[in-house]
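Next come the chains, spelled out residue by residue.
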Amino acid sequence: MTQSASGTSGLPGNDSGPQKRRLWKKRQDSTCEVGEWELREAMLATISELEAKLRGIPNAKPELRKDIEAELQRAREKVDRRQRPKRLASSRLTVALVHVNAARAMMLRLVAVEEVTPLLPGLIGLIREHLDKRDPRRVAVENIWKTGKTPTCADVELIADAVGTARLEALREQLRVGSFVRIVRFVAAGLGFAAVGIAVIGLFWPQFVPLCFAPQTPTGHSGTGFTIVCPVGSNAAPTTTDVDHAMAATASRADYLSVEIVGLVAAGIAAATALRRINGTSTPYPVPVSLAWLKLPTGALTAVLGLVLMRGGFVPGLSALDSSAQIIAWAVIFGYSQQLFTKFVDKQGQAVLDSVRGPATAASATTASDDAATA
């Protein structure tokens, strides 16, 4: 007796059910994999490098070695795809960096005193990146380096303290960027909900605050003396002399939605134009992308609010547009004009990114300190 393909799924030994669950889990894992893949792989490579260095240190204290291995294991768990917590990838990378920095600080105390001298150039670079040139710890470490002598045990403790402080300051810089990104996303989400709410109100109650205008007809024409012009329609011959009633009768459900879509598209063009000033970021927090998302709901809202202001006569001489095309054109202008408001957020975002110091900042700081020493 032939068994149909559709009836074999419930037979014993048939693994189509578990296979489907495995495929679904694999697909779910791939869609949940968010964040900077390159930074995650760089963190894993750093952990592997530190583990190799730890194995190469002879006669290491067993207790300290165990603590270092525990810190590296915690760091690996934070970025491991198989043990992914329900956190943002950027947050996981930051937490992994905390554990890696702790392991590095403990490894510095494992090496022999005479082996600290070859490590000083790299440690000095890190200290110069994140500590002010007037910081006493930075000054003391630079003096140790300039003497050229083998550091003592007390010098190693001072170097470890300065390096730990520099890494803590680097972490604070990263956290400031993350806090800024979360604030921008929260505001963008709030503006997006507001834009959706206004569009829904326009769909169900188009006569609530119609985005319509009532230009006067030329003298000598019969009728009420005015026409009604809305974003998606018009009425050249109103049946009532009451302008408000005529607007309510002519208003369409798609008026607000069409204006918001036009404003959103104009804001998207403005966001694309603003990309010319964006250099990108090496942090795990997408500041440029968050700023671009903020512009979209802002453009939709500024398009609506701009037309409301024009309808209320806020702009002299532009209180009565003559056609639907003019209304849409002004919606484009108002949607693009959101750049006047979001440019301040763009400047703040660039300032936050500039506060995350790197080799360029360290080089300029070193040049400034060398010039001061020469003077």
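What counts, and at which threshold
As a convention, each chain's residues are numbered from 1 in the sequence order in which they are written. For this predicted model, a pLDDT threshold of at least 70 governs which residues receive local features, and a threshold of 80 or more governs which side-chain atom pairs are given and counted, while totals over whole chains, interfaces and linings are taken from all residues. Water and hydrogen atoms play no part in the side-chain values, which are based on all heavy atoms of the structure. We call Phe, Tyr and Trp rings a pair once their centres come within 6.5 Å, taking the six-membered ring for Trp, and we label the pair stacked below 30 degrees between planes, edge-to-face above 60, and tilted otherwise. For each residue, the accessible area found with a 1.4 Å probe, counting protein chains only, is set against the maximum for its type, and the residue is called buried under 20%, exposed over 50%, and partly exposed in between. Note on conventions: DSSP H or I runs of at least 4 residues are helices, E runs of at least 2 residues are strands, and numbering of each starts at the N terminus. By definition, a salt bridge exists where a carboxyl oxygen of Asp or Glu is found within 4 Å of a side-chain nitrogen of Lys or Arg. Confidence of the predictor at the level of single residues is given by pLDDT, which spans 0 to 100. What makes two residues a contact is simply this: any of their non-hydrogen atoms within 4.5 Å. Cysteine sulfur pairs qualify as disulfides if the two atoms are within 2.5 Å. Residues enter a nonpolar core if they are buried and are Ala, Val, Leu, Ile, Met, Phe, Trp, Tyr or Cys, with the set joined through side-chain atoms within 4.5 Å. Working rule for helices: expected span equals 1.5 Å times residues minus one. Under this rule, positive means Lys or Arg and negative means Asp or Glu; His and the chain ends count for nothing. Axes, fitted as lines to C-alpha atoms, cover a helix only where it is in contact. Angles between the N-to-C directions of the axes lie from 0 to 180 degrees. An angle counts as roughly parallel when it lies under 35 degrees, as roughly antiparallel when it exceeds 145, as roughly perpendicular when it falls between 65 and 115, and as oblique in every other case. Each crossing gets its handedness from the near helix: less than a right angle anticlockwise from the far helix is left-handed, clockwise is right-handed. Any residue outside Ala, Val, Leu, Ile, Met, Phe, Trp, Tyr, Cys, Pro, Asp, Glu, Lys and Arg is labelled polar, Gly included; the first ten of those are nonpolar and the last four are charged.

## Topic: the packing of aromatic side chains
And step 1. Counted according to the given criterion, the structure contains two aromatic pairs.
And step 2. Each ring, one from phenylalanine 204 and one from tryptophan 205, has its centre 6.1 Å from the other, and the planes form 50 degrees; the classification is tilted.
And step 3. A residue is classified by how much of its surface remains accessible, and phenylalanine 204, at 55% relative accessible area, is exposed.
And step 4. Taking the centre distance of 5.7 Å and the plane angle of 35 degrees together, the rings of tryptophan 330 and phenylalanine 334 count as tilted. Residue tryptophan 330 and its partner phenylalanine 334 are located together in helix H11 (residues 324-336), separated by four residues, close to a single helical turn.
And step 5. Its relative accessible area of 24% is what places tryptophan 330 among the partly exposed residues.
And step 6. By relative accessible area, phenylalanine 334 is classed as buried at 16%.

## Points about the pattern of salt bridges
And step 1. Under the definition given, this model contains eleven salt bridges.
And step 2. Between arginine 76 and glutamate 51 there is a salt bridge, with the nearest N and O atoms lying 3.1 Å from each other. You can see arginine 76 sitting in helix H3 (residues 62-79) and its partner glutamate 51 sitting in helix H2 (residues 37-55), a full 25 residues away along the chain.
And step 3. The class of glutamate 51 is partly exposed, set by a relative accessible area of 22%.
And step 4. In this structure, aspartate 346 and lysine 295 form a salt bridge, with 2.8 Å as the shortest nitrogen-oxygen distance. Taken together, the residues aspartate 346 in helix H12 (residues 339-354) and lysine 295 in helix H10 (residues 287-311) connect sequence positions 51 residues apart.
And step 5. What makes lysine 295 buried here is its relative accessible area of 2%.
And step 6. Through salt bridges with shared partners, a single network forms among Arg128, Arg138 and Glu142.

## Quick notes on the confidence of the model for the protein chain
And step 1. Averaged over all residues, the pLDDT of the protein chain is 78; the fraction at 70 or higher stands at 78%.
And step 2. When pLDDT is averaged over each element of the protein chain, H11 comes out on top at 92 and helix H13 (residues 359-374) at the bottom at 42.
And step 3. Of the regions scoring below 50 in pLDDT, residues 1-15 engages in five contacts with residues more than four places distant in sequence or in other chains.
And step 4. Throughout residues 23-35 the model reports pLDDT below 50, and contacts reaching past four residues in sequence, or to other chains, amount to eight contacts.

## Let's talk about the state of the cysteines
And step 1. The full count for this structure, using the stated rule, is one disulfide.
And step 2. The disulfide partner of cysteine 212 is cysteine 230, and the S-S distance across this bridge is 1.9 Å. Taking the torsion about the S-S bond as the criterion, the cysteine 212 to cysteine 230 disulfide, at about 105 degrees, is right-handed. A residue pair is termed long-range when its members are at least 10 positions apart, and cysteine 212 in the loop between helix H7 (153-204) and strand S1 (228-230) and cysteine 230 in strand S1 qualify at 18 residues.
And step 3. Since its relative accessible area comes to 0%, cysteine 212 is described here as buried.
And step 4. With a relative accessible area of 0%, cysteine 230 lands in the buried category.

## Topic: the environment of isoleucine 198
And step 1. Structurally, the position occupied by isoleucine 198 is in helix H7.
And step 2. Sequence spacing of isoleucine 198 and tyrosine 256 is 58 residues, and the spatial spacing of their C-alpha atoms is 7.4 Å.
And step 3. Those residues in contact with isoleucine 198 that sit more than four places away from it in its chain are Tyr256, Glu260, Leu301 and Val304.

## Some details on the nonpolar core
And step 1. In terms of nonpolar packing, the biggest core is built from 36 residues, with Met43, Ile68, Leu110, Ile127 and Ile159 touching the most fellow members.
And step 2. For this core, the secondary-structure elements that each account for two or more residues are H2, H3, helix H4 (89-108), helix H5 (120-130), helix H6 (136-147) and H7.
And step 3. With residues up to four places along the chain from it excluded, the contact list for methionine 43 reads Val79, Leu93, Ala96, Leu97 and Val100.
And step 4. Judged by nonpolar contacts, the second largest core, of 14 residues, contains Ala303, Met310, Leu321 and Phe334.

## Focus on the environment of leucine 108
And step 1. Here leucine 108 lies in helix H4.
And step 2. The spacing of leucine 108 and valine 156 is 48 residues in sequence and 8.0 Å in space, taken between C-alpha atoms.
And step 3. Other than its neighbours up to four places away in sequence, leucine 108 contacts Leu119, Leu123, Val156, Ile159 and Ala160.

## Overview of H10
And step 1. Taking 1.5 Å of rise per residue, 25 residues should cover 36 Å, and H10 covers 37 Å from first to last C-alpha, within 8% of that figure.
And step 2. The buried fraction of H10 is high, at 18 of 25 residues.
And step 3. Two residues or fewer past H10, glycine 313 is found with a positive phi of approximately 80 degrees.

## Concerning the side chain of glutamate 260
And step 1. Looking at where glutamate 260 falls in the secondary structure, it is placed in helix H9 (residues 255-274).
And step 2. Buried charge glutamate 260 goes without a salt bridge, the closest partner of opposite sign being arginine 253 at 15 Å.
And step 3. Once you skip the residues sitting within four places of it in the chain, glutamate 260 turns out to touch Ala195, Ile198, Ala199, Ala300 and Val304.

## Points about the packing of H10 against H11
The packing of two helices is summarised by the inter-axis angle and the distance between the axes.
And step 1. Between H10 and H11, whose axes approach to 7 Å, the crossing angle comes to 125 degrees. The orientation of H10 relative to H11 falls into the category oblique. In the crossing of H10 with H11, the sense of the turn from one axis to the other is right-handed. Packed against H10, whose contacting residues are Gly299, Thr302, Ala303, Gly306, Leu307 and Met310, the element H11 presents Ile327, Trp330, Ala331, Phe334 and Gly335 at the interface.
And step 2. Class assignment for the residues of the contact of H10 with H11 results in seven nonpolar, four polar and no charged.

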